[in-house]
Amino acid sequence: MKFFIDTANIDEIRSANALGVLAGVTTNPSLVAKEGISFHERLTEITEEVSGSVSAEVISEDAEGMIREGKELAAIAPNITVKVPMTLEGLKAVKAFSDLNIKTNVTLIFNANQALLAARAGATYVSPFIGRLDDIGQDGMTLVSTIAEIFDRHGIQSEIIAASIRHPLHVIDAALNGAHIATIPYKVLEQLVKHPLTDQGIEKFLSDWNSKK
Ligand code: E4P
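Residues numbered from 1 in each chain as written. Predicted model: local features only at pLDDT ≥ 70, side-chain atom pairs only at ≥ 80, totals over all residues.

**Brief notes about the overall build of the protein chain**
Our working rule: Comment: elements are numbered from the N terminus, with helices defined as DSSP H or I runs of at least four residues and strands as E runs of at least two. Our radius of gyration looks at C-alpha atoms and nothing else; its globule reference is 2.2 Å times the residue count to the power 0.38. Here the C-beta atoms are placed from the backbone, and a residue counts as buried if at least 20 other C-beta atoms lie within 10 Å of its own, exposed if 12 or fewer do, and partly exposed otherwise. Here the contact rule is simple: place C-beta atoms from the backbone, and any two residues whose C-beta atoms are within 7 Å are in contact.
Within the protein chain one finds 11 helices and eight strands. At 19 Å, the protein chain has a C-alpha radius of gyration in line with the 17 Å of a compact globule built from 213 residues. Taken along the three principal axes of its C-alpha coordinates, the protein chain extends 75 × 40 × 30 Å. Residues classed as buried in the protein chain amount to 41% of the 213 residues present. Summarising the internal contacts of the protein chain: among those between residues at least 6 apart in sequence, 55% fall at separations of at least 24.

Okay, here's the thing in structure tokens:
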């Protein structure tokens, strides 16, 4: 399983990239709004920093608008992936992007039928939202494993991005359940690195070293 970072904050993206583990970035309109900057300028900055897939979401609700916006976003850099919501209009747009060889990430996936439809329309990535399902008392991770099994059984090439990740256990479970990618907030990335025994071990090694004769 690969790691994407789920943020539009350039400092977080640069810090994550410096770790050498970053395979891509996902953004969404809420994350971009928090930054208070021009979307296109920020996407330019991100694509200059990260060579992997950078998901940029359209906000139109009709296929025609999505296609127009998506073409503009895709023109920013070759590694832009157009993020499209899982709707009837979204599926039409995904098909059009697929015909144009523009990569897509179908977002807001909450059941396996949505994932299968997105894949058949030509989605490069499908994004099941784990945390938001957990929030309403459904098991987000079961959805990841169901989609993985269906894609595997039918030889579907679309990659599964486990999204709406809230904590480190989600990351382990996403890997175990067949997600190709987990897109995680920077805070969770920091949590993945940490273990109290690692900290204690470093402290002990240093204190032994400093007390050597
Ligand atoms: C993924 O592409 C989305 O941007 C994201 O994971 C949504 O997460 P949230 O449910 O924490 O907003």
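**Points about the UniProt feature "active site" (unreviewed entry) in the protein chain**
Test applied: UniProt positions are given in the numbering used here, feature names are shortened, and annotations may be inferred rather than shown by experiment.
According to UniProt, the "active site" (unreviewed entry) feature falls on Lys83. Inspection of the secondary structure assignment puts lysine 83 in strand β4 (residues 80–85). Overall, lysine 83 belongs to the buried group, with 26 C-beta atoms counted inside 10 Å. Setting aside residues up to four positions removed in sequence, lysine 83 forms contacts with Ser55, Ala56, Glu57, Val58, Asn105 and Thr107.

**Some remarks on helix α9 (residues 168–176)**
Where α9 is concerned, the buried positions are His170, Val171, Asp173 and Ala174. Residue glycine 178 follows α9 closely and has a positive phi angle near 100°.

**Considerations on the sheet that holds strand β8 (residues 181–184)**
Here is the rule: Two strands are said to pair when DSSP picks up at least two bridges between them. The convention used is that axes are lines fitted to C-alpha atoms, helices contributing only their stretch in contact, and that angles between N-to-C directions extend from 0 to 180 degrees.
Taking strand neighbours around the barrel as the criterion, the eight strands line up as β1-β2-β3-β4-β5-β6-β7-β8 in a closed arrangement whose pairing is parallel. Averaged over all pairs of adjacent strands, the angle between strand axes in this sheet comes to 25°, irrespective of strand direction. Contacts between helix α3 (residues 39–49) and the sheet are confined to β2 (22–26), β3 (53–57) and β4, with β3 contributing the most and set at about 165° to the helix.

**Points about unusual backbone geometry**
Even without being glycine, asparagine 101 reaches a positive phi, approximately 60°. Tracing the sequence through the fold places asparagine 101 in the loop between α5 (88–99) and β5 (104–109). A count of 7 C-beta atoms within 10 Å places asparagine 101 in the exposed class.

**Overview of the site of the ligand**
We apply this condition: Note on definitions: a residue is near a molecule or strand provided its C-beta atom, placed from the backbone, lies within 6 Å of it. Gly falls in the polar group here, along with every residue not listed as nonpolar (Ala, Val, Leu, Ile, Met, Phe, Trp, Tyr, Cys, Pro) or charged (Asp, Glu, Lys, Arg).
Within the structure, the ligand sits among Asp6, Thr26, Asn28, Thr107, Ser127, Phe129, Gly131, Arg132, Ala163, Ser164 and Thr183. Residue composition of the shell around the ligand, grouped by class: two nonpolar, seven polar and two charged.

**Digging into the pairing of β5**
Spelled out, the test is: Here a crossover is taken to be right-handed if, once the strands point away from the viewer, the path from the first strand over the helix to the second is traced clockwise.
The buried fraction of β5 amounts to five of the six residues, a majority that puts the element mostly inside the structure. For β4 and β5, the ladder comprises four bridges, and the chain directions are parallel. Among the inter-strand pairings, proline 85 is bridged to a residue of β5, identified as threonine 107. Taking the sense of rotation as the criterion, the β-α-β connection linking β4, α5 and β5 turns out right-handed.

**Some thoughts on α5**
Basically, it comes down to this: Under the convention used throughout, the expected extent of a helix is 1.5 Å for every residue step, that is, one less than its residue count. Arc, as used here, means the arc of the directions from the helix axis to the C-beta atoms.
Over its 12 residues, α5 runs 17 Å from end to end, which matches the ideal 16 Å to within 8%, given 1.5 Å per residue. Turning to α5, its buried residues number three or more, namely Gly90, Leu91, Ala93, Val94 and Phe97. For α5, the arc enclosing every buried residue in end-on projection is 160°, short of the 170-degree limit, so these residues lie on one face. Opposite the buried face of α5, by more than 90 degrees, sit the exposed residues Leu88 and Asp99. In this structure, the buried side of α5 is in contact with α4 (63–74), β4, β5 and α6 (112–121). Asparagine 101 lies just past α5 and shows a positive phi near 60°.

**Remarks on the pairing of strand β1 (residues 2–6)**
Pairing analysis gives four bridges linking β1 to β8, with the strands arranged parallel. Bridge assignment links phenylalanine 3 to a residue of β8, and that residue is alanine 182. Pairing analysis gives four bridges linking β1 to β2, with the strands arranged parallel. Counterpart to isoleucine 5 in the pairing with β2 is valine 25. Remark: the β1/helix α1 (residues 10–18)/β2 crossover connection has right-handed handedness.

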